[in-house]
Amino acid sequence: MIEDEKDIVELVRYNFRKEGFDVASFASGREGLEELHRSPPDLVLLDIMLPDVDGFEICKRLRAEEKLRSLPVIFLTAKGEELDRILGLEIGADDYVVKPFSPRELVARVKAVLRRQARPAEKREVIDVQGLHLDARTQEVTVRGETIDLSTLEFKLLHFLASHPRRIFSRERLLDDVWGRDRFVTPRTVDVHIRRLREKIEAQADKPQYIQTVRGAGYRFTAEAEGDDDS
Ligand code: CA
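All of the points below concern the structure found in this document. Because the structure is predicted, anything quoted here is derived from the model rather than measured.

**Describing the overall build of the protein**
Per the secondary structure count, the protein includes eight helices and nine strands. Within the span of the protein, comprising 231 residues, buried residues form 45% of the whole. Accessible surface, the protein: about 12600 Å² in total, of which carbon and sulfur atoms supply 48%.

Structure representation (structure tokens):
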């Protein structure tokens, strides 16, 4: 945990230890970053307003490093404007909790993120989520038992989103990860493909069950994989 408010550190430490977690805490961004490099934990709880390097910057640095890129991050944020920044920024947090939070809720969120991490869908060839079946080996997709015809790009986009349930991706990020670096397309292209995907997989394209628009931020896959009961 990187957090400079002592009361919160104590609250989190007490509640997580009770649940069998080891908690190490650092009151400054610089110290926290050093420790993350020295000995990466299973997950980071990250405050935003810190005395030196702020939480956004820390998260950005983690995401830029091969070794720490997939380290789960949950932001602990004060009420108000920070929420917009978390959703709007290109920072790749796994979740966030608004202060004051209930320790039980935070423990539940941490467990949920760790569960998802333990079963990285990214490497899974077959994904089954709430009536949607994807097979990366054959690019076959069925929705509610019906086979759906997707282009290679549509399949890639859907597979990428479904591999990271609940995580919000900006259009830019999707262009990088799905279209690749050598692309001559604009963020609008993402919207067009999302619309086509929805027409093919959603029962009602205007009330999407799978791909949700997060206003001002991008898109996320909302249906939970089996066993994830944390929504
Ligand atoms: Ca703070």
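Back to the write-up after that little detour.
**Some details on the packing of helix α6 (residues 152–163) against helix α8 (residues 187–201)**
Viewed as axis vectors pointing N to C, α6 and α8 meet at an angle of 85°, and their least axial separation amounts to 10 Å. Between α6 and α8, the crossing angle belongs to the class labelled roughly perpendicular. Between α6, through L153, E154, L157, L158 and L161, and α8, the contact on the second element is made entirely by H193, I194, R196, L197, K200 and I201.

**Re the sheet that holds strand β2 (residues 73–77)**
Within a sheet, each strand pairs with its neighbour through backbone hydrogen bonds, oriented either parallel or antiparallel. An order of β1-β2-β3 is seen for the three strands of this open sheet, with the pairing classed as parallel. Edge strands, defined here as strands with exactly one partner in the open sheet, are β1 (44–47) and β3 (95–98). On average, adjacent strands in this sheet sit at an angle of 25° to one another, irrespective of strand direction. Strand direction decides the pairing type here: β1 and β2, joined by four bridges, are parallel. Across the sheet, the residue bridging to D47 is L76, located in β2.

**Describing the coordination of the calcium ion**
Binding of the calcium ion to the protein goes through D4 (OD), D47 (OD) and M49 (O), at separations of 2.1 to 2.3 Å. The sequence pattern describing where the donors of the calcium ion fall on their chain is D-x42-D-x1-M. The class of D47 is buried, set by a relative accessible area of 3%. When its relative accessible area of 56% is taken as the criterion, M49 is described as exposed.

**A look at the sheet that holds strand β5 (residues 132–135)**
Read from one edge of the open sheet, four strands run β4-β5-β6-β7, paired in antiparallel fashion. Whereas interior strands pair on both sides, the edge strands pair on one side only; in this sheet they are β4 (126–129) and β7 (146–148). Taken pair by pair, the neighbouring strands of this sheet meet at an average axis angle of 20°, ignoring direction. Note that strand β6 (residues 140–143) and β7 share three bridges and pair antiparallel. By the bridge assignment for β7, V143 is matched with E146.

**Considering the pairing of β5**
Examined bridge by bridge, β4 and β5 share four bridges and lie antiparallel to one another. Paired with D128 across the bridge in β5 is H133. Here β4 folds back onto β5, and the loop between the two strands holds two residues, one of which, Q130, carries a positive phi near 35°.

**Comments concerning the environment of G131**
Within the fold, G131 resides in the loop between β4 and β5. Separated by 11 residues in sequence, G131 and T142 place their C-alpha atoms 8.0 Å apart. Apart from the residues lying within four places of it in its own chain, the contact partners of G131 are T142, V143, R144 and Y210.

So, how was this worked out
- For every chain, the first residue of its written sequence is number 1, and the numbers climb from 1 along that sequence.
- Totals for whole chains, interfaces and linings use every residue, but because this is a predicted model, local features are given only for residues with pLDDT of at least 70 and side-chain atom pairs only at 80 or more, for both listing and counting.
- To obtain the side-chain values, all non-hydrogen atoms of the structure were included, while hydrogens and water were left out.
- Strands here are runs of E lasting at least two residues and helices are runs of H or I lasting at least four, both read from the DSSP assignment and numbered beginning at the N terminus.
- Throughout this description, buried means an accessible area under 20% of the type-specific maximum (1.4 Å probe, protein chains only), exposed means over 50%, and partly exposed covers the range between.
- The protein chains shown are the only cover counted for residues, whose accessible areas, like all others here, come from Shrake-Rupley with a 1.4 Å probe.
- A fitted line through C-alpha atoms serves as each axis, taken over the contacting stretch for helices, and the angle formed by two N-to-C directions is quoted from 0 to 180°.
- Roughly parallel here means an angle under 35 degrees, roughly antiparallel means over 145, roughly perpendicular means 65 to 115, and every remaining angle is called oblique.
- What makes two residues a contact is simply this: any of their non-hydrogen atoms within 4.5 Å.
- Pairing between strands is defined by DSSP: at least two bridges between them are needed.
- Note on donors: an N, O or S atom is included if it sits within 2.8 Å of the metal, or within 3.2 Å for Na, K and Ca, and water is never included, so sites can look incomplete.

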